[in-house]
Amino acid sequence: MTRRHRSVACNNCSVSLSPVGDYAVVFPPAGSGSWKWKTGRKLEGGGSAERKETDRDKGESLTLACSRSNPGDLPFNLRKMRVFSLENVINEFEVLSKDAGRQQTETLRWILEQNGEAEYLQSLGLAGRTDPESFKACVLDTSPVLTGKPITSISLSSGTTQGKPKFVPFNDELLQSTMQIYCTSFAFRNREYPIGNGKALQFIYSSKRVTTKGGLTARTATSNVFQSEQFKHTMKDIQSQCCSPDEVIFGPDFQQSLYCHLLCGLIFSDEVQTISSTFAHSIVHAFGTFEHVWEELCADIREGVLSSRITVPSIRAAVSKLLRPNPSLADSIHNVCVRLSNWYGVIPELWPNAKYVYGIMTGSMEPYLKKLRHYAGSLPLMSADYGSSEGWIGANVNPSLPPELATFAVLPNIGYFEFIPLEKSEVQDLEKSASTIHYIEAEPIGLTEVEVGKEPVSIQVGRHREGSRLPSTPEIQFVCRRSLVLSINIDKNTEKDLQLAVEAAALLAEEKVEVVDFTSHADTSTEPGHYVIYWELSCDATEEVLRACCNCLDLSFVDAGYVGSRKVGAIGPLELRVVRRGTFQTILHHYLGLGAAVSQFKTPRFVGLSNSTVLQILCRNVTGCTFSTAYGP
Ligand code: AMP
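Figured I'd write up the structure that's included with this text. (Residues numbered from 1 in each chain as written. Predicted model: local features only at pLDDT ≥ 70, side-chain atom pairs only at ≥ 80, totals over all residues. Heavy atoms only, no water.)

**Side note on helix α8 (residues 229-237)**
Condition: For the exposure calls, accessible area comes from a 1.4 Å probe over protein chains only, and a residue counts as buried if that area is under 20% of its type's maximum, exposed if over 50%, partly exposed in between. By the criteria applied, helices consist of DSSP H or I runs no shorter than four residues and strands consist of E runs no shorter than two, each listed in order from the N terminus. In this description, one arc is meant: the one made by directions from the helix axis to the C-beta atoms.
Taken together, the buried positions of α8 are occupied by Gln230, Phe231, Thr234, Met235 and Asp237. Mapping the buried residues of α8 onto a view down its axis gives an arc of 155°, with all of them on the same face. Immediately downstream of α8, the backbone of glutamine 239 shows phi near 55°, a positive value.

Given below as structure tokens:
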């Protein structure tokens, strides 16, 4: 079927971008009266903090200087955000979100005006019209993107969704909307969990920089953001300055950068207010590494001399400047580490002033939550916003919800959004989760046309709860990446289905055996084809446990096509293959070698034949396998 992807246009850089490629569920907008205001909490913000009474309750807010440099070019509401005050940011958000329809029309008008001179738009016959109807009538295809304003650089998407990175234009507007969403979600977070002046232990990394044929710099979207002055100013405004110097963030060797992030975090341990990364995987990975290098880190701090493992001169020079012999800090870290039981609660123990752990924890990050909770102990986990290299989509304005329930309020002035309603296909017999239902796409609809309570929508799916139209901006819940589907014949299982199956089966593994990471492959080299699930485990599991897990996996795929095919033997028994420890690290390194960045890395949950290198890495690391007997021997 040809899909009418006019846009998910997200900033001035485009009116015709490729779809983001995710399924989402739509929720009613947050009731603005439901915010819990904390009273009587002490602010540690120093001179720039002030207490205020609000209309609703006694609340608190911080007033900080804004970093926005050139507001002249910004659309409507962004202009008003020059003075950064938490209360203003929240009020601004509430005004915007209540009037989402008008905001969308204005945003589209603004995008079309800014780009009116672009050859691409000229050729579509819009003739200066900037209303949604003309836009829908004239802009219908997936032609290359051209913009009215200069593209400052190119963002490379992670490439973990479709196998290879997409090249997406990046410009100042995208940078501004990134800062807007950072500030918005921070304002909501800070209302629940105020942080003091201090630093953030951020596990963030830049990708390699390449130059396109046209002479533009291309790197991941997060690298484009980290490299900007605005990012630094905004991080300062929201009291989240990174502990590590730039040389660490932009270092050419990820392992060395990771070691130094940990070291800098420990050097500034008293000041650290938050622990964060773009995607939660990086935090779990960092503490997995910490378990192995903590003694070396202690030695560096004790002696004031950086480990010889750091060989990149720029990183050595920058980190050495921060390092002084500090035996008492080294002793206290050492004492914490030897006292901990299996590293439970290491984060609050080593960073006693940290208020929460922050990063994207939804979607393909959910499988890492268990480990993250283990490291975070008593600290709350807060899921970060929803976006893509193409542009931001929504802010998490209910930060106290557990990550599994996180929703994202679509910011109606940072892009023009369309949703593709998905309708159930006729053949549905078994009970299914949202993600296992097969959908037929309807015509795209606008942001305020999505309905709560009816069957599916999307950027890509939404399911609504109450059947009412939404005048305000909707909140959506991320379901899964739509293009990732495990399929042999008529069966179809999404990454969410795989995740649920793995979660169910992992429960059968003994207490001490954890599924560190997983992926899958549809093996059609056998007759009939069958699903192969790869597991990396924290330690060895018995044959018996693996057999039980394998059967459970097989039975957990409840998609009608799969169950039917398994029953009649059109799909063979599911195979569970256990891979050596470190296999998924090797896969990560493979992607880094291709120019990906750790900051945007998402483990591919399906590995097709075209992804032969990853498939080879998996195959050569298999240490054992077992076949399901769930549908008979
Ligand atoms: P990239 O391909 O590097 O541009 O990454 C964008 C993709 O990351 C999105 O299409 C989503 O699949 C995923 N993503 C981004 N933010 C979130 C989030 N908050 N929850 C789940 N997935 C996300």
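Further notes follow.
**Some remarks on the sheet that holds strand β10 (residues 241-242)**
Note the following rule: When DSSP finds two or more bridges between two strands, those strands count as paired.
The strand order across the open sheet built from 5 strands is β10-β7-β11-β12-β13, with neighbouring strands paired in parallel fashion. Two strands close off the open sheet at either side, each with one partner strand: β10 and β13 (381-383). Two elements, strand β12 (residues 356-360) and β13, share 3 bridges in a ladder whose sense is parallel. When the bridges of β13 are listed, valine 357 appears paired with leucine 381.

**A closer look at the pairing of strand β15 (residues 391-395)**
By the criterion of burial, β15 is predominantly enclosed, with 5 of the 5 residues buried. Pairing geometry for strand β14 (residues 386-388) and β15, over 3 bridges, is antiparallel. Across the sheet, the residue bridging to glycine 387 is tryptophan 392, located in β15. Hairpin connection of β14 to β15: 2 residues between the antiparallel strands.

**Brief notes about the pairing of strand β27 (residues 530-537)**
The buried fraction of β27 amounts to 8 of the 8 residues, a majority that puts the element mostly inside the structure. When strand β26 (residues 515-523) meets β27, the two strands line up antiparallel, connected through 8 bridges. Within β27, the residue paired with aspartate 517 across the bridge is glutamate 536. A loop of 6 residues connects β26 with β27, the two strands running antiparallel in sequence. Summarising the sheet, β27 and strand β28 (residues 575-579) pair through 5 bridges and their orientation is parallel.

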